[in-house]
Amino acid sequence: MTLVTTNLQRRVAVIGGGPAGLMAAETLAAAGVTVDVYDAMANCGRKFLIAGKGGLNLTHGESFEPFVSRYGTRAAAIRPMLESFGADQLREWAKSLGVETFVGSSNRVFPSDLKAAPLLRGWLRRLRESGVHFHLRHRWAGWNEDGALRFATPTGDVAVATDAVVLALGGGSWRRLGSDGRWVPLLTEKGIDVAPLTPSNCGFESRWSDILRSRCAGQPVKPVAARLSPEQGGLPEFRQGEFIITGVGVEGSLIYALSPALRDAISAHGVARLELDLMPGVSLAAMTERLAKPRGSQSMAKHLHRAGIDGVKASLLRECAPEAAFADPAALAAQIKTLAVPLHATRPIDDAISTAGGVRFEALDARLMVQQLPGTFCAGEMLDWEAPTGGYLLTACFASGRTAAQGALDWLARSGNHIASP
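What you see is a predicted model, and the numbers here were worked out from it, not measured in a lab.

Draft legend 1. Region of interest: the packing of aromatic side chains. Taken as a whole and assessed by the stated rule, the structure comprises ten aromatic pairs. Ring plane angle 35° and centroid distance 6.2 Å describe the contact between Phe-67 and Tyr-71, whose orientation is recorded as tilted. Using a relative accessible area of 4% as the deciding quantity, one classes Phe-67 as buried. Take Tyr-71: its relative accessible area is 2%, and that puts it in the buried class. Connected via pairs of aromatic rings, a cluster forms that spans Phe-67, Tyr-71, Trp-385 and Tyr-392. In this arrangement the basic side chain of Arg-128 is found over the ring face of Phe-134, its NZ or CZ atom lying 4.8 Å from the centre.

Right, here's the structure in full:
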């Protein structure tokens, strides 16, 4: 194993070349620190680029308090990071790279050209010009007996001595892009408290009949509203949106928004009861009145069509409503307004947009330093938090990378290297 050393002080390793790691590198370099970025892949920011294929959703335009609330049980931990570097600061940062942004109709914020590649290219160029060194195809393998960082490379293993390290290794989804969760045992072996990685912003599996699968797989369900059953701890209010029927279950923006609650219900009960309002905007009384009209010799399909239910919605109703409900207009209307769809499992973690779980905040100090490993900081999706899609994931990754870097600067200063935090 080759040992790489340096006589330069104030050298920090950043492991992970995604948004959190690159923001940490930028913050450190701006303070005059020598920065080495290590990444297991051949290029940095691969998941970032994929996320931008449909239009890079950088952040969200809503006001601060609702924004912070999107982080659920970890909102208090994320709040100070966003107070320092939130949506407005992120947009200004993008502008400093020559990338203008705009707020879309859904209040999501995008680059004006809707592309991730120009922003990433400009960012990497600026980082290199600031002196950041990139070491690609370097997979982190933990520490050696002397405390040096170990990396597996195409030419053999190397050990790197450094003054501090920022870990920004991502979560456990999108394995082919580098976020594979292989860092988890490296930390748990050190006694660091890591919550198991689980899918977030993910699809779910349901045991569809062959008929529904053949007729509806790939079709959108819209408009529709959904919730987790209040009997399983869901909120009484329905959330409106749309989703897609898949060959194995459901996925899409509306499902992703409910994924933490649905996932936890499966964990607690073995099955999550997804409740659908197939006719949002039509009251139960109005739906009952429509269905109570005599149908004469008309088929049930034609009767439902006249009431506004056809296509994939009619198929879902046939799939999930009890047969007896079709003989009673009031009971059928109730099914249309609160149709229970059983979900039995999340889709595999590698199919998820993001993951929950990771290094618990209780194992870190306020500046994201691992309390058991002084000089080691964590950032990004490897932390134990989750948020819905809509720019919230990226914003917290940027903000936590900056926070971890500032923490490293503070720690180095207290350790005698006299570095002033920016």
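Here the narrative resumes.
Draft legend 2. Seen up close, the packing of helix α10 (residues 284–292) against helix α13 (residues 329–337). At their nearest, the axes of α10 and α13 sit 8 Å apart, and the two run at 130° to each other. Looking at the two axes, α10 sits oblique to α13. By crossing handedness, the relation of α10 to α13 is classed as right-handed. Contacts between α10 and α13 involve Leu-284, Met-287, Thr-288, Leu-291 and Ala-292 from the first element and Pro-329, Ala-330, Leu-332, Ala-333, Ala-334, Ile-336 and Lys-337 from the second. Its residues assigned to classes, the contact of α10 with α13 shows ten nonpolar, one polar and one charged.

Draft legend 3. Geometry of the sheet that holds strand β4 (residues 59–60). If you trace the three strands from one edge of the open sheet to the other, you get β4-β6-β5, paired in antiparallel fashion. A strand with exactly one partner marks an edge of an open sheet, and here the two such strands are β4 and β5 (101–103).

Draft legend 4. Molecular detail of the sheet that holds strand β7 (residues 133–136). Reading across from one edge, β7-β3-β2-β11-β21 is the order of the five strands in this open sheet, with parallel pairing throughout. Strands with a single pairing partner mark the edges of an open sheet, and in this sheet they are β7 and β21 (376–378). Direction aside, the axes of adjacent strands within the sheet are offset by 20° on average. Here five bridges tie strand β2 (residues 11–15) to strand β3 (residues 34–39), and the two strands are oriented parallel to one another. Bridge assignment links Val-12 to a residue of β3, and that residue is Val-35. Contacting β2, β3, β7 and β11 (164–167), helix α1 (residues 19–30) runs over the sheet at an angle of about 165° to β2.

Conventions we followed
- Each chain carries its own residue numbering, running from 1 in the written order of its sequence.
- Given that this is a predicted model, residues contribute local features only at a pLDDT of at least 70 and side-chain atom pairs are listed and counted only at 80 or more, while totals for whole chains, interfaces and linings are drawn from all residues.
- Only hydrogens and water are set aside when side-chain values are computed; all heavy atoms of the structure are taken into account.
- Here a Phe, Tyr or Trp ring, Trp counted by its six-membered ring, pairs with any other such ring whose centre lies within 6.5 Å, and the pair is stacked when the planes are under 30 degrees apart, edge-to-face when over 60, and tilted otherwise.
- Partly exposed residues are those whose accessible area sits between 20% and 50% of the maximum for their type, while under 20% is buried and over 50% is exposed, using a 1.4 Å probe and protein chains only.
- In this analysis the charged atom, NZ for Lys or CZ for Arg, is taken to sit over a ring once it is within 6 Å of the ring centre and within 35 degrees of the ring normal.
- Here, axes are lines fitted to C-alpha atoms. For helices the fit covers the stretch in contact, and angles between N-to-C directions go from 0 to 180 degrees.
- Numbering of helices and strands runs from the N terminus, with a helix taken as a DSSP run of H or I at least four residues long and a strand as a DSSP run of E at least two residues long.
- The scheme is simple: roughly parallel for angles under 35 degrees, roughly antiparallel for over 145, roughly perpendicular for 65 to 115, oblique for anything else.
- When the near helix sits turned anticlockwise from the far one by under a right angle, the crossing is termed left-handed; a clockwise turn instead gives a right-handed crossing.
- Contacts were defined at the residue level, with two residues in contact if any of their heavy atoms lie within 4.5 Å.
- Note on residue categories: nonpolar means Ala, Val, Leu, Ile, Met, Phe, Trp, Tyr, Cys or Pro, charged means Asp, Glu, Lys or Arg, and polar means any other residue, Gly included.
- The rule for pairing is simple: two strands pair if DSSP sees at least two bridges between them.

Function cannot be read off these values alone, since they describe shape.
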